[in-house]
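Here is how the chains run, residue by residue.
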Amino acid sequence: MRAALLEARKGLGNASPNPAVGAALVQCGRIIATGYHRASGLPHAEIECLAAAGRRSLRSATLYVTLEPCSTTGRTPPCTDAIVHSGLKRIVIGAIDVNPAHAGRAVRQLESAGIEVTSGVFAEECSRLNESFNKWIVTGRPFVIAKCGMSLDGRLTRSPNESRWLTSAASRRHARMLRAQVDAILIGAETLRQDNPRLTTRGVAGARQPWRIVMSRSGNLPRAAHLFTDCFAARTLFYRGKTLASVLADLGRREITSVLIEGGGDVLGQAFDGHLVDKVQFYLAPILTGGVVPATGGRGAAATRFGARLTGMDCSRIGSDLCISGYPRWGRDDSE
């Protein structure tokens, strides 16, 4: 299953709106074939893996797959049919499909065909791999990641004559890797005016360019900005006078399963005030700047106990900075 997970990660960002799935075939104690879902409309991981195995007999082989195989016809035929016809007698599944219409259906079909099925192997890790898809397929809304680079005292303040970067080059490269795994990057109009960002995945080999989303109250935007004039201009969407919640709902209808909010502080404030953030990834530079521009604006929590507390938190050093990620949970903390 570890090998299947490594395969699945190759499809992150490119497989959407389908989940990232990996598979591995094991026979006589060794891996004889692997595969992953490369892009929507292309063969699924199980089909890639079976094809890589060639014409050999698979009656004594075991197929490991990170997600319950599809059992219905969509952009491709059901994988369960191919597995049954392959001659396999055993399959090991990581996570069960969260779609209520499909959950457990493949397991029942395969067992009815005489195939031994084991499920729940590394289930949490396999499920976490597709946290964006899982939310979107159940709710119709994209998984939202709040990303920000800030000073140690939580500020974006810098001199107009200086580079706009507070964080290190290593952190910026790391953030572009995150961009490569999402469907869309969202900013506010002020960030566009002040920074004229490109919001690309430059330097990440094989990455698909995410959609670039701009929100504006007035619609007064610089038409010469990179987002409207570069080679990816066709992948820029502009929303005027819309709430963040309504924008996210529309993006979900467009089959955008994940959104990375990169700023500025006003948009991030709206996201936290509306409890719209599913995950945070903040880069803290070892500098204190003070000033009046906070990393996140908005109304803020009415009291400390109502703030968003991170679960599943991870803290790592990237270059000279700290990267803190986790999943915000809102509500009163009665443990204190």
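Residues numbered from 1 in each chain as written. Predicted model: local features only at pLDDT ≥ 70, side-chain atom pairs only at ≥ 80, totals over all residues. Heavy atoms only, no water.

Colleague: What should I look at first to understand the packing of aromatic side chains in this one?
Modeller: To describe a pair of aromatic rings, you give the distance between the ring centres and the angle between the ring planes. Summed over the entire model, instances satisfying the criterion amount to three aromatic pairs. Taking the centre distance of 6.5 Å and the plane angle of 50 degrees together, the rings of Phe 272 and Trp 330 count as tilted. A residue pair is termed long-range when its members are at least 10 positions apart, and Phe 272 in helix H11 (residues 265-273) and Trp 330 in the segment after strand E13 (321-329) qualify at 58 residues. Of the residues examined, Phe 272 reaches a relative accessible area of 17% and is grouped as buried. The class for Trp 330 is partly exposed, based on a relative accessible area of 25%. (Phe/Tyr/Trp six-rings, centres within 6.5 Å; stacked < 30°, edge-to-face > 60°. Helix = DSSP H or I, 4+ residues; strand = E, 2+ residues; numbered from the N terminus. Buried < 20%, exposed > 50% of the residue type's maximum accessible area, 1.4 Å probe, protein only.)

Colleague: Any chance you could explain the environment of Trp 165 here in plain terms?
Modeller: The topology assignment puts Trp 165 in the loop between strand E6 (143-151) and helix H7 (169-179). Linking Trp 165 and Gly 29, residues 136 residues apart in sequence, is a C-alpha distance of 51 Å.

Colleague: Mind showing me how you'd approach the environment of Gly 291 here?
Modeller: The topology assignment puts Gly 291 in the loop between strand E11 (279-285) and strand E12 (309-318). C-alpha separation for the pair Gly 291 and Asp 153, spaced 138 residues apart in sequence, amounts to 9.7 Å.

Colleague: So what exactly am I meant to see when it comes to the pattern of salt bridges here?
Modeller: Applying the stated criterion across every chain yields a total of 17 salt bridges. Overlapping salt bridges bring together Arg 2, Arg 9 and Glu 125 as one network. (Salt bridge = Lys/Arg side-chain N within 4 Å of Asp/Glu carboxyl O.)

Colleague: Looking at this structure, how should I read helix H6 (residues 131-139)?
Modeller: Among the residues of H6, Glu 131, Ser 132, Phe 133, Asn 134 and Trp 136 are the ones counted as buried. Buried residues along H6 sit in contact with helix H5 (123-129), E6, helix H10 (244-253), strand E10 (258-263), E11 and E13. Looking at the residues trailing H6, positive phi occurs at Gly 140, about 80 degrees. (Contact = heavy atoms within 4.5 Å.)

Colleague: Before we go on, may I ask you to explain the sheet that holds strand E8 (residues 211-216) in this structure?
Modeller: Within a beta sheet, neighbouring strands are joined by backbone hydrogen bonds and run either parallel or antiparallel to one another. Read from one edge of the open sheet, eight strands run E9-E8-E7-E10-E6-E11-E13-E12, paired in mixed fashion. Of all strands in the sheet, those with a lone pairing partner are strand E9 (236-240) and E12, marking the two edges. The mean angle between the axes of side-by-side strands here comes to 20 degrees, regardless of whether they run parallel or antiparallel. Where strand E7 (residues 184-188) and E10 come together, four bridges link them in parallel fashion. Paired with Leu 186 across the bridge in E10 is Ile 261. Against the sheet, H6 makes contact with E6, E10, E11 and E13, and its axis sits at roughly 135 degrees relative to E6, the strand it touches most. (Pairing = 2+ DSSP bridges. Axes fitted to C-alpha atoms, helices over the stretch in contact; angles between N-to-C directions.)

Colleague: Where do I start with empty space enclosed by the protein in this structure?
Modeller: Empty pockets left among the atoms are what a rolling probe the size of a water molecule brings to light. Scanning the model with the defined rule gives one cavity of 30 Å³ or more in all. A volume near 40 Å³ is recorded for the largest cavity. In this structure, the largest cavity is lined by Leu 67, Ala 95, Ile 96, Val 98, Cys 126, Ser 127, Asn 130 and Asn 134. For the lining of the largest cavity, the class distribution of residues is five nonpolar, three polar and no charged. (1 Å grid on protein atoms, 1.4 Å probe; cavity = no way out; pocket = protein on both sides within 12 Å on 5 of 7 lines; lining within 4 Å. Points joined across faces, edges and corners; volume = space filled by probe spheres on them. Nonpolar A, V, L, I, M, F, W, Y, C, P; charged D, E, K, R; others polar.)

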